[in-house]
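Survey of secondary and tertiary structure
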Amino acid sequence: LLTQVALGNQTCPENKICDLNNDTKVTNADVVALTNAMAGAADAQIKMHLSSIKVYAEIFYSSDYSYGLSGTSPDVCVGAGAPSMFKDTKSDFAGALQAITTTKGCNVSSDGKSYAAWAAISEGYWCIDSGYSNGKQTKVRPTAGATKCP
């Protein structure tokens, strides 16, 4: 709708706000503002799900002081090749991971003492690991099998 209003093909409905940047007219700048806001919301959702995974991982670790067995396939988060921690059914790892629809990866070290999980966001990747408290943004994709954020 906003694109059609900006092109002049439709008028803005009376109960809607179409001038997102408050310059008194609806232009492509409003479409860009909406697109940027949507990308920001998508990034926030990915960060939220990875934060949930961080909490689940610490709960998992507290049960036997290990993040579990490493997976048989680097960067696999769900399914047969995934690390054992990410297959735990007591926590909602699967739900959090399935909610992330961008490219992602999950790894646990061979000794079970470290892990990393990451997902693509609008400008790079958001990565969590057993060392960072809140996660971090990186421009480069973590290397295959990485258990520490770059």
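Description of the structure in this document. As the structure is a prediction and not an experimental result, all values here were calculated from the model. (Residues numbered from 1 in each chain as written. Predicted model: local features only at pLDDT ≥ 70, side-chain atom pairs only at ≥ 80, totals over all residues. Heavy atoms only, no water.)

Considerations on the overall build of the protein chain
On a plain count of helices and strands, the protein chain comes out with three helices and four strands. Put simply, the protein chain runs from its N terminus to its C terminus through helices and strands in the order α-α-α-β-β-β-β. The buried share of the protein chain, taken over its 150 residues, is 37%. Taking the intrachain contacts of the protein chain between residues at least 6 apart in sequence as the baseline, contacts between residues at least 24 apart amount to 43%. Counting every atom, the protein chain has about 8,400 Å² of accessible surface; 55% of that belongs to carbon and sulfur. (Helix = DSSP H or I, 4+ residues; strand = E, 2+ residues; numbered from the N terminus. Buried < 20%, exposed > 50% of the residue type's maximum accessible area, 1.4 Å probe, protein only. Contact = heavy atoms within 4.5 Å. Areas by Shrake-Rupley, 256 points an atom, 1.4 Å probe, with all protein chains shown as cover.)

Some words on the pattern of salt bridges
Throughout the structure, instances matching the rule amount to two salt bridges. When the shortest N-O distance is used, the salt bridge between aspartate 75 and arginine 141 registers 3.3 Å. Here arginine 141 lies in the segment after strand 4 (136-138) and aspartate 75 lies in the loop between helix 2 (28-64) and helix 3 (93-99), a separation of 66 residues in the sequence. In this structure, the salt-bridge partner of lysine 139 is glutamate 123, at a minimum N-O distance of 3.7 Å. Residue lysine 139 is located in the segment after strand 4, and its partner glutamate 123 is located in the loop between strand 2 (115-121) and strand 3 (124-129); the two are separated by 16 residues in the primary sequence. (Salt bridge = Lys/Arg side-chain N within 4 Å of Asp/Glu carboxyl O.)

Concerning the sheet that holds strand 1 (residues 104-108)
Within the open sheet, the four strands sit side by side as 1-2-3-4. Their pairing is antiparallel. Of all strands in the sheet, those with a lone pairing partner are strand 1 and strand 4, marking the two edges. Mean inter-strand twist for the sheet, computed between neighbouring axes without regard to direction, equals 20°. For strand 2 and strand 3, the ladder comprises six bridges, and the chain directions are antiparallel. Bridged to alanine 120 within strand 3 is tyrosine 125. (Pairing = 2+ DSSP bridges. Axes fitted to C-alpha atoms, helices over the stretch in contact; angles between N-to-C directions.)

The analysis is restricted to geometry; functional conclusions fall outside its scope.
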